[in-house]
Amino acid sequence: MYHLVAGLYAEFTKKPTYNALLIGLKGSGKTWILERLRHDYLRGRAPSQRLPPTIGQNVLDVPYRRTILHLWDLGGSAAMRSLWDQYLPDAHVIVWVIDAPRWASDTAVADELGRSYRAAVFESLFPVIAEASARAQPVCVVVTQLDELASDRAAPLVREVETSVTAEWTRRLDDTSLDGTLTPIWSFQGVSAATGDGIEAMLDVVFRQAQTFATQAGS
Ligand SMILES: Nc1nc2c(ncn2[C@@H]2O[C@H](COP(=O)(O)OP(=O)(O)OP(=O)(O)O)[C@@H](O)[C@H]2O)c(=O)[nH]1
Ligand SMILES: [Mg+2]
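Bear in mind the structure is a predicted one, so any value in this text is a computation, not a measurement.

Participant: Would you mind going over the UniProt feature "binding site: Mg(2+)" (unreviewed entry) in the protein in detail, with residue names and values included?
Facilitator: The feature "binding site: Mg(2+)" (unreviewed entry), as given by UniProt, occupies T31 and T54 in the numbering adopted here. Maximum C-alpha separation among the annotated residues is 7.5 Å over a sequence range of 24 residues, consistent with a single clustered spot. For T31, a relative accessible area of 12% puts it in the buried group. Relative to the assigned elements, T54 resides in the loop between helix 2 (30-42) and strand 2 (57-64). Once residues within four sequence positions are removed from consideration, T54 is found in contact with T31, D73, L74, G75 and M80.

Participant: Outline the site of ligand 1, supporting the account with residue identities and numerical values.
Facilitator: Taken together, the neighbourhood of ligand 1 is formed by 20 residues, with K30, T54, G76, D147 and A193 sitting nearest. Taking G76, its main chain carries an N or O atom lying 2.7 Å from an oxygen atom of ligand 1. Note that an oxygen atom of ligand 1 is positioned 3.1 Å from one of the backbone N or O atoms of A194. Contact with the protein chains hides 88% of the accessible area of ligand 1, taken as 650 Å² for the molecule alone. Per-element accounting of the shell around ligand 1 gives the leading share, three residues, to helix 2. Taken together, the residues that form the shell around ligand 1 break down as five nonpolar, 11 polar and four charged.

Participant: Describe in detail unusual backbone geometry, supporting the description with residues and values.
Facilitator: Look at D106: it is not a glycine, yet its phi comes out positive at around 55°. Its location among the elements puts D106 in the loop between helix 4 (100-105) and helix 5 (117-134). On the basis of relative accessibility, which here comes to 27%, the residue D106 falls in the partly exposed class. One non-glycine residue, A136, adopts positive backbone phi at about 65°. As for its placement among the helices and strands, A136 is situated in the loop between helix 5 and strand 5 (138-144).

Participant: Would you mind going over the nonpolar core in detail, with residue names and values included?
Facilitator: Counting 39 residues, the largest nonpolar core has W96 and W103 as the members making the most contacts within it. Secondary-structure elements contributing two or more residues to this core are strand 1 (17-23), strand 3 (67-74), helix 3 (81-87), strand 4 (93-99), helix 4, helix 5, strand 5 and helix 6 (151-175). Looking at this core element by element, the count peaks at 10 residues for helix 5. Setting aside its immediate chain neighbours within four residues, W96 contacts I23, G24, W84, V121, S124, L125, V128, V139, C140, V141 and V142. I33, L34, V142 and M202 belong to the second largest nonpolar core, which has 25 residues in total.

Cut-offs applied
- Residues numbered from 1 in each chain as written.
- Chains lettered and ligands numbered in written order.
- Predicted model: local features only at pLDDT ≥ 70, side-chain atom pairs only at ≥ 80, totals over all residues.
- Heavy atoms only, no water.
- UniProt positions renumbered as here; feature names shortened; annotations may be inferred.
- Buried < 20%, exposed > 50% of the residue type's maximum accessible area, 1.4 Å probe, protein only.
- Helix = DSSP H or I, 4+ residues; strand = E, 2+ residues; numbered from the N terminus.
- Contact = heavy atoms within 4.5 Å.
- Near = heavy atom within 4 Å.
- Polar contact = N/O pair within 3.5 Å; in protein donor to acceptor, adjacent residues only side chain to side chain.
- Areas by Shrake-Rupley, 256 points an atom, 1.4 Å probe, with all protein chains shown as cover.
- Nonpolar A, V, L, I, M, F, W, Y, C, P; charged D, E, K, R; others polar.
- Core = buried A, V, L, I, M, F, W, Y, C linked by side-chain atoms within 4.5 Å.

See below:
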């Protein structure tokens, strides 16, 4: 009897869980965002320079609005990207992380065949957006490390990323055989994992996107 009651109680009080997948180029700041959330919502340590590049995945469950946001943070190096495909289908929301200083300077990235940072972002982001759009999964593009810019440049840079990414997406749709009816459900957020600025607003947007997708998909 006890087990039955305990089982029913556990089932009754179980919180909905939404999966958020953090991806983006190596060194963009995914793990720092995860550690900032751990710090702000689970009283963990603030992110530090001692964090190594991610090999495989980091996981964090953030309690938020009577639900659990289950975050997967995957390594961004080219060798790690085959992992992304394995996680994509189970994500309720995809969080794509862009590093503001590198976007602003747009210098060549050695690990990305010497492409400029923006070109490397586009090359790796658009297949993910195409796949996500086909499944109606939402994408939150997060521009991070904004504390590295002068304060009056942060908001314009986030807008510039939005304009640039949406224009490039439209251009590629026109140029390729991608289905022209694919419409990304995306949002753009600016944060600093170092200071915590914008993190709460980002979490709220990510949560709402995940919840809407899960409700519509019945998952
Ligand atoms: N100033 C500042 N630096 C940051 C911030 N976020 C990340 N960094 C810097 O960027 C480096 C890389 O950040 P990570 O979070 O490890 O990058 P990642 O995207 O997880 O990289 P991989 O695991 O290799 O894919 C950190 O060691 C910090 O030096 C931020 O918000 N502000
Ligand atoms: Mg990492």
